[in-house]
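Chain residues, written in single-letter form:
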Amino acid sequence: MLRIPLSLMSPAGSRARLSVLIYHRVLPVADPLLPELPTAAEFERTMRWVKEWFNVLPLGDAVTRLFEGTLPARALAITFDDGYADNEEIAAPILQRLGLGATFFVSTGFLGDGCMWNDRVIEALRASTRDHLDLAAIGLGRVPLVITDDRRRAIHAVLRAVKHLAPQPRLAAVADIERLAGVGAPPRPMMQPDQVRRLRALGMDIGGHTVTHPILSRLEPEAARQEMSLGKQTLEQIIQAPVDLFAYPNGVPVQDYGAEHAALVRECGFKAAVSTAWGAASRTSDRFQLPRFTPWDRSRLRYGLRLLDNLRRHEQVAAVA
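Residues numbered from 1 in each chain as written. Predicted model: local features only at pLDDT ≥ 70, side-chain atom pairs only at ≥ 80, totals over all residues. Heavy atoms only, no water.

Section: the overall build of the chain
Here is step 1: For the chain, the helix and strand inventory stands at eleven helices and nine strands.
Here is step 2: Its C-alpha radius of gyration of 20 Å places the chain within 12% of the 20 Å reference for a compact globule of 321 residues.
Here is step 3: In terms of overall dimensions, the chain has a C-alpha envelope of 60 × 45 × 40 Å along the principal axes.
Here is step 4: Considering only contacts in the chain between residues 6 or more positions apart, those separated by 24 or more positions represent 73%.
Here is step 5: Approximately 13600 Å² of the chain is accessible, and the part contributed by carbon and sulfur atoms is 53%.
Here is step 6: For the chain, the distance from the average position of its 39 positive side-chain charges to the average position of its 35 negative side-chain charges is 6 Å. (Helix = DSSP H or I, 4+ residues; strand = E, 2+ residues; numbered from the N terminus. Rg over C-alpha atoms; globule rule 2.2 N^0.38 Å. Contact = heavy atoms within 4.5 Å. Areas by Shrake-Rupley, 256 points an atom, 1.4 Å probe, with all protein chains shown as cover. Lys, Arg positive; Asp, Glu negative; His and termini not counted. Charge placed at Lys NZ, Arg CZ, Asp CG, Glu CD.)

Right, dumping it as structure tokens:
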């Protein structure tokens, strides 16, 4: 049903459009605190739809062919951000079984025993036995934690409140939240270096995503350069292969990165980069600010219509040029 309209919106050749999907995690079972994250069964179901409707290509190949004017109709690439262990344990086997590839953008500072700041917040609010927290220090006041809905609302409020702080104040705020929540060490949900190597051995691509996942617009230029270049070098040492693709942390143009960061990505030796602006890329796109999006819809029809709607959108990255 959707192949004809998708082909009209995303033709082959010089007028091609490239859709790029973003995922972060695929869970074994549903998490009531994170209902937006797909389970393994949900992810496999949507990937079967994607395989039916699209020509799925590795992102690096797709970008090359986009600018050469040789993309097939209905071209699409799949990406994952951050470097969670479930990417290798759950998502990759599903993709391999379906004959699909993906690019995994990894923040190297959390490999092994690391935990990203947002997961520290989530797990602190999940594990706390207290019925409220006084979070006036970050502008939230008295936050209830009585029922699951309270905890879910608290998680979203805290993440919004601290996401765009500079790195050190953000880490200090997270440590204060953990102290107030009365919890111990957070879990370790990220990949081990061997898992990154296994993804590569499966034929998946590995991309750079900085070392510590900072908001680049909050860093001095040299610090931003170091985050990009050191992350790239570490991944290249792990997989013993070039790392040519980069994803901006958080990735909202202007808010999270600017034109100067796109220039730094190029200077660090990457060949293309992706944002989190919605839309589909064309030959007129900036290869260092390619759009991506996540269709969260659960039904086949709504999921397909969301993909069509994304193809209709004009790219939202021109503002940083």
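Details of the nonpolar core
Here is step 1: Ranked by internal contacts, the top residues of the largest apolar core, which has 57 residues, are Met47, Phe80 and Leu95.
Here is step 2: With seven residues, the top contributor of residues to this core is helix 4 (residues 85-98).
Here is step 3: Once residues lying within four places of it in the same chain are set aside, the contact partners of Phe80 are Tyr23, His24, Val26, Phe43, Asn87, Ala91, Leu95, Ala102, Thr103, Phe104 and Phe105.
Here is step 4: One finds Leu27, Leu145, Ala154 and Val158 within the second-largest nonpolar core, a separate group that totals 22 residues. (Core = buried A, V, L, I, M, F, W, Y, C linked by side-chain atoms within 4.5 Å. Buried < 20%, exposed > 50% of the residue type's maximum accessible area, 1.4 Å probe, protein only.)

Structural notes on the pairing of strand 4 (residues 103-106)
Here is step 1: Of the two faces of strand 4, the one lined by Thr103 and Phe105 and the one lined by Phe104 and Val106 are each fully buried.
Here is step 2: Judged from the four bridges that link them, strand 3 (residues 75-82) and strand 4 form a sheet pairing that is parallel. Paired with Thr79 across the strands is Thr103, a residue of strand 4.
Here is step 3: In this fold, strand 3 hands off to helix 4, which returns the chain to strand 4; that crossover is right-handed. (Pairing = 2+ DSSP bridges. Right-handed = clockwise from strand over helix to strand, strands pointing away.)

Let's talk about the side chain of Glu42
Here is step 1: Note that Glu42 resides in helix 2 (residues 40-53).
Here is step 2: Polar side-chain contacts of Glu42 include one of 3.4 Å to the side chain of Arg298.
Here is step 3: Those residues in contact with Glu42 that sit more than four places away from it in its chain are Leu37 and Arg298. (Polar contact = N/O pair within 3.5 Å; in protein donor to acceptor, adjacent residues only side chain to side chain.)

Topic: the packing of aromatic side chains
Here is step 1: For the structure shown, the criterion picks out ten aromatic pairs.
Here is step 2: Arranged with centres 5.0 Å apart and planes meeting at 15°, the rings of Phe80 and Phe104 form a pair that is stacked. Placement of Phe80 in strand 3 and of Phe104 in strand 4 is noted, with a sequence separation of 24 residues between them. When sorted by exposure, Phe80 lands in the same class as Phe104, which is buried.
Here is step 3: Linked through ring pairs, Tyr23, Phe43, Phe80 and Phe104 together constitute an aromatic cluster.
Here is step 4: One Lys or Arg, Lys232, reaches over the ring of Phe270 and ends 5.5 Å from the middle of that ring.
Here is step 5: Sitting over the face of the ring of Phe67, Arg287 holds its NZ or CZ atom 4.3 Å from the ring centroid. (Phe/Tyr/Trp six-rings, centres within 6.5 Å; stacked < 30°, edge-to-face > 60°. Lys NZ or Arg CZ within 6 Å of the ring centre and 35° of its normal.)

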